[in-house]
Amino acid sequence: MNLILATSLAAAGLVAGWGQRAVIVRYAVPAGDPPLRCCPDCGHRLLDARQLGLAPLARCGACGSRTGPPPLAVEVTTALLLGALAARVHPGLVLAAACWLALCSVPLAFIDAAVRRLPDVLTGPAFAGTALLLLTAASADGHWHVLARAGLGGVALSGFCLVLALVSPSGMGMGDVKAAAGLGTMMAWQGWTALIAGGFAGFLLAAVYGAALMISGRATRKYQMPFGPFMIVGALLVILTGA
Ligand SMILES: [Zn+2]
């Protein structure tokens, strides 16, 4: 394990988390609403220097009201993820693809958890960036068969989610289908076992969480649980453990 690389990427993750938080606040709005550009309480612009200064503390820089996920949650999550990926994923271009996917997936998970949607502005770049970096990695090493498997894996997971979304639109949406493309591509780059394990882990985590909510009486049968965060956690677990 390269400690300097892991530490550097973790530090980069802390800084990136700052920007991701701005994306989360902007896009964690109900479907159909325009992206949030100003503080809902005082109307101060979200990209103002004062706003960004206090952003990691989850406070509006002008009026102090709570904005976005809990203090440092996004920043620390991204730092730990990038640091762990640096320790586990090789070579450099594949690591870059995994880091890019993680950078897009963290805000996706937070947004889906908050408002149950996975915006195209994140799922599109998540897939495109991951695919492009893996294409570069394949051309550097001549591992075209691995790239083909990754592409097929993205199509397979996405297609599987599409079937579920068509059969049960309340359980899965088109955002999940699009997010699955990037996650499936990255997992299948590691292998078919990784793709199946990661996909299964997502469904298992969602089922366990859903059952816990029902048993504890915090959700009824009508509650629509976001699936994105579970799919993302399942995929990242597999990418990190190399299952
Ligand atoms: Zn404010």
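Residues numbered from 1 in each chain as written. Predicted model: local features only at pLDDT ≥ 70, side-chain atom pairs only at ≥ 80, totals over all residues. Heavy atoms only, no water.

Asker: Explain the pattern of salt bridges here, please?
Answerer: Pairing between side chains of opposite charge can happen when their charged atoms approach one another. Considering all chains together, one arrives at two salt bridges under this definition. We note a salt bridge from Arg-21 to Glu-75, for which the minimum N-O separation is 2.8 Å. Here Glu-75 lies in helix α3 (residues 73-88) and Arg-21 lies in helix α1 (residues 3-27), a separation of 54 residues in the sequence. Overall, the relative accessible area of 2% leaves Arg-21 in the buried class. Across the pair Lys-178 and Asp-120 runs a salt bridge, and its minimum N-O distance is 2.8 Å. (Salt bridge = Lys/Arg side-chain N within 4 Å of Asp/Glu carboxyl O. Helix = DSSP H or I, 4+ residues; strand = E, 2+ residues; numbered from the N terminus. Buried < 20%, exposed > 50% of the residue type's maximum accessible area, 1.4 Å probe, protein only.)

Asker: It is not clear to me how helix α5 (residues 120-141) should be interpreted in this structure. Could you clarify?
Answerer: The periodicity of an α-helix, 3.6 residues per turn, causes residues three or four positions apart to be oriented the same way. Along its 22 residues, α5 runs 31 Å from first to last C-alpha, staying within 8% of the 32 Å computed at 1.5 Å per residue. Listing the buried residues of α5 in full gives Leu-122, Thr-123, Ala-126, Gly-129, Thr-130, Leu-134, Ala-137 and Ala-138. Along the axis of α5, the buried positions cluster into a sector of 165°, meaning they face one direction only. If you follow the buried residues of α5, they end up packed against α1, α4 (92-115), α6 (144-167) and α7 (174-190). Of the residues trailing α5, Gly-142 is marked for its positive phi of about 75°. (Expected span 1.5 Å × (residues − 1). Arc of directions from axis to C-beta. Contact = heavy atoms within 4.5 Å.)

Asker: What exactly am I supposed to notice about the nonpolar core here?
Answerer: A general feature of soluble globular proteins is that nonpolar side chains tend to end up buried together. The biggest cluster of nonpolar side chains holds 57 residues, and the ones touching the most others in it are Leu-85, Met-186, Met-187, Trp-189 and Ile-239. Listed by contribution, the elements that provide at least two residues to this core are α1, α3, α4, α5, α6, α7, α8 (192-215) and α9 (228-241). No other element matches the 12 residues that α4 contributes to this core. Composition of this core by domain shows at least three residues from each of domain 1 (1-88) and domain 2 (90-243). For Leu-85, the contacting residues outside a window of four places in its chain are Leu-95, Ala-98, Cys-99, Ala-102, Ile-239 and Leu-240. (Core = buried A, V, L, I, M, F, W, Y, C linked by side-chain atoms within 4.5 Å. Domains from an automatic or database assignment.)

Asker: I keep staring at the packing of α3 against α4 and nothing clicks. Help me out?
Answerer: Any two packed helices are characterised by the angle at which their axes cross and by the distance between the axes. It is the contact of α3 with α4, at a shortest axis distance of 10 Å, that shows an interaxial angle of 155°. By the angle class used here, α3 and α4 are roughly antiparallel. Pair α3 / α4 crosses with right-handed handedness. Across the interface between the two elements, Ala-73, Val-74, Thr-77, Thr-78, Leu-81, Leu-82, Leu-85 and Ala-86 of α3 pack against Leu-95, Ala-98, Cys-99, Ala-102, Leu-103, Val-106 and Phe-110 of α4. Grouping the constituent residues of the contact of α3 with α4 by class yields 13 nonpolar, two polar and no charged. (Axes fitted to C-alpha atoms, helices over the stretch in contact; angles between N-to-C directions. Parallel < 35°, antiparallel > 145°, perpendicular 65-115°, else oblique. Left-handed = near helix turned anticlockwise from the far one by under 90°. Nonpolar A, V, L, I, M, F, W, Y, C, P; charged D, E, K, R; others polar.)

Asker: Would you take a moment to explain the environment of Ser-139 for this structure?
Answerer: Relative to the assigned elements, Ser-139 resides in helix α5. By relative accessible area, which is 44% here, Ser-139 ends up partly exposed. Distance from Ser-139 to Met-187, taken between C-alpha atoms, is 19 Å for residues 48 residues apart in sequence.

Asker: What is the right way to look at the coordination of the zinc ion in this model?
Answerer: When a metal carries six donors in an octahedron, the ideal angles between them are 90 or 180 degrees, while four donors in a tetrahedron ideally lie at 109.5 degrees. Looking at the metal site, the zinc ion is ligated by Cys-39 (SG), Cys-42 (SG), Cys-60 (SG) and Cys-63 (SG), spaced 2.2 to 2.3 Å from it. Each of the four donor atoms around the zinc ion contributes to a set of angles spanning 107 to 113°, which defines the coordination as tetrahedral. Along the chain, the residues donating to the zinc ion fall in the pattern C-x2-C-x17-C-x2-C. In this structure Cys-42 comes out as partly exposed when scored by relative accessible area, which is 38%. (Donors = N, O, S within 2.8 Å, 3.2 Å for Na, K, Ca; no water. Tetrahedral: all angles 85-135°; square planar, octahedral: opposite > 155°, others 65-115°.)

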